[in-house]
Amino acid sequence: MNIRILIMLSLLVGIGAVLHAVAPPFFFGMRPDMMLAMMFLGILLFPKASYVLLLSLATGFISAMTTTVPGGQLANIIDKPLTAFAFFGLVLITKKISNQKYTQPVLAAVGTMISGAIFLGVVLYIIGLMEASFGIMFATVVLPAALFNILFVAIVYPIAQKILKRTDLNKAVHPAS
């Protein structure tokens, strides 16, 4: 593992933690998971299984510490690694069209919906601490978060990619370039 990439990933997790902590809750104490968008950004920038594992575990534990949802601690620890590897699989599958403008935002939306479904499934059906229906929670929390993540990734990913191309970190990620 490259120490520079690990530092970049830790910065993304830290920024995500701050954004996650300040995002206002809007339905049953649930709020859009800003750490998720930063995790997706890290996977898009550094698509390697070892980085995905480390990033997902760090994101899961920090999300668990900052959640306001009853039972959200366990749900975050389960959700983030599963979502990260599902997203990583989608990134690998769409590698041939990854240079298109809309690929990454669409992947972020799909990843957010996967994460939301896993999180809600754990909270509602396994832990059983909330009295809301899956459909209502999905429509009022997950779908708005997916829309936000589309915009967030569409704006931030190209900027991060340009910064990465101008640094020595690009050589660590793509040694042949």
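Scroll up to find the structure.
First things first, this report covers the structure right here in the doc. For every chain, the first residue of the written sequence is number 1, and numbering continues from 1 along that sequence. Per-residue local features are limited, in this predicted model, to residues with pLDDT of at least 70; the limit for side-chain atom pairs, both in listing and counting, is 80 or more; totals at the level of whole chains, interfaces and linings are taken over all residues. By convention in this description, side-chain values take in all heavy atoms of the structure and omit both hydrogens and water.

**A look at the side chain of T94**
- Every helix listed is a DSSP run of H or I at least four residues long, and every strand listed is a run of E at least two residues long, numbered separately from the N terminus. In this fold, T94 is placed in the loop between α4 (72-93) and α5 (103-127).
- In protein, a polar contact means a hydrogen-donor-capable atom and an acceptor-capable atom, both N or O and within 3.5 Å, with residues adjacent in sequence counting only if both atoms are side-chain atoms; elsewhere, any N or O pair within 3.5 Å suffices. Polar contacts involving the side chain of T94 include one to the main-chain carbonyl oxygen of L90, which spans 2.8 Å.
- Beyond its immediate chain neighbours, meaning those up to four positions away, T94 contacts T103 and L107. We call two residues contacting when some pair of their heavy atoms lies within 4.5 Å.

**Side note on the packing of helix α2 (residues 34-45) against α5**
- Relative orientation of the contacting elements α2 and α5 amounts to 130°, with a least axis distance of 10 Å. If you check the angle between α2 and α5, you find them oblique. Pair α2 / α5 crosses with right-handed handedness. Of the residues in α5, those touching α2 at L36, F40 and L44 are Q104, L107, A108, G111, T112 and S115. To get an axis, fit a line to the C-alpha atoms, keeping to the stretch in contact for a helix; angles then go from 0 to 180 degrees between the N-to-C directions. When describing relative orientation, an angle under 35 degrees is termed roughly parallel and one over 145 degrees roughly antiparallel, while 65 to 115 degrees is termed roughly perpendicular and anything else oblique. Each crossing gets its hand from how the near helix is turned against the far one by less than a right angle, where anticlockwise is left-handed and clockwise is right-handed.

**Considerations on the packing of helix α1 (residues 3-22) against helix α3 (residues 49-66)**
- Two elements in contact, α1 and α3, have axes separated by 10 Å at closest approach and are oriented at 25°. With respect to α3, the element α1 is oriented roughly parallel. Classified by chirality, the crossing of α3 by α1 is right-handed. Note on element contacts: α3 touches α1 through Y51, L54, L55, A58, T59, I62, S63 and T66, opposite I5, L6, L9, V13, A17 and H20.
- Any residue outside Ala, Val, Leu, Ile, Met, Phe, Trp, Tyr, Cys, Pro, Asp, Glu, Lys and Arg is labelled polar, Gly included; the first ten of those are nonpolar and the last four are charged. Here the residues of the contact of α1 with α3 sort into 10 nonpolar, four polar and no charged.

**Section: α5**
- Any helix carries an expected span of 1.5 Å times its number of residues minus one. Given a rise of 1.5 Å per residue, 25 residues ought to cover 36 Å, and the 35 Å separating the end C-alpha atoms of α5 matches this to within 8%.
- Taken as a whole, α5 carries its principal kink of about 25° at G121.
- Looking one or two residues past α5, G128 carries a phi angle of roughly 70°, positive in sign. Note that the bend at a residue is defined as the angle between axes fitted to the seven residues ending at it and the seven residues starting at it.

**Details of the side chain of D79**
- Here D79 lies in helix α4.
- Exposure is judged per residue with a 1.4 Å probe applied to protein chains only, and the accessible area is read against the type maximum: over 50% gives exposed, under 20% gives buried, and values in between give partly exposed. Residue class for D79 comes out buried when judged on its relative accessible area of 1%.
- Among the polar contacts listed, one links the side chain of D79 to the side chain of T83, at a separation of 2.6 Å.
- Beyond its immediate sequence surroundings of up to four residues, D79 is in contact with S115, I118 and F119.

**What to know about α2**
- Between its terminal C-alpha atoms α2 stretches 17 Å, which fits the 16 Å expected from 12 residues at 1.5 Å a residue.
- Of all 12 residues in α2, 12 are buried, a share of seventy percent or more.
- Every buried residue belonging to α2 is among M34, M35, L36, A37, M38, M39, F40, L41, G42, I43, L44 and L45, and all of these are buried.

**Let's talk about the layout of surface pockets**
- Cavities and pockets are defined on a 1 Å grid built over the protein atoms alone: a cavity is a set of grid points where a 1.4 Å probe fits but cannot escape, while a pocket is an open set with protein on both sides within 12 Å along at least five of seven lines, and lining residues are those with an atom within 4 Å of any such point. Grid points are joined across faces, edges and corners, and a volume is the space filled by probe spheres set on the points. Looking at the largest pocket, its volume works out to about 670 Å³.
- Lining the largest pocket are 26 residues, and of these L44, S98, Q104, Y157 and Q161 sit closest to its centre.
- Elements with a minimum of two residues in the lining of the largest pocket: α2, α4, α5 and α6 (134-165).
- Here the element with the most residues in the lining of the largest pocket is α6; it accounts for eight residues.
- Classifying every residue of the lining of the largest pocket gives 15 nonpolar, eight polar and three charged.
- Its boundaries defined by the atoms lining it, the second largest pocket holds a volume of some 180 Å³.
- Taken together, 13 residues form the lining of the second largest pocket, with M8, L12, L41, A160 and I163 sitting closest to its centre.
- Within the residue set of the lining of the second largest pocket, elements represented by two or more residues are α1, α2 and α6.
- With five residues, α6 is the largest single contributor of residues to the lining of the second largest pocket.
- Its residues assigned to classes, the lining of the second largest pocket comprises 13 nonpolar, no polar and no charged.

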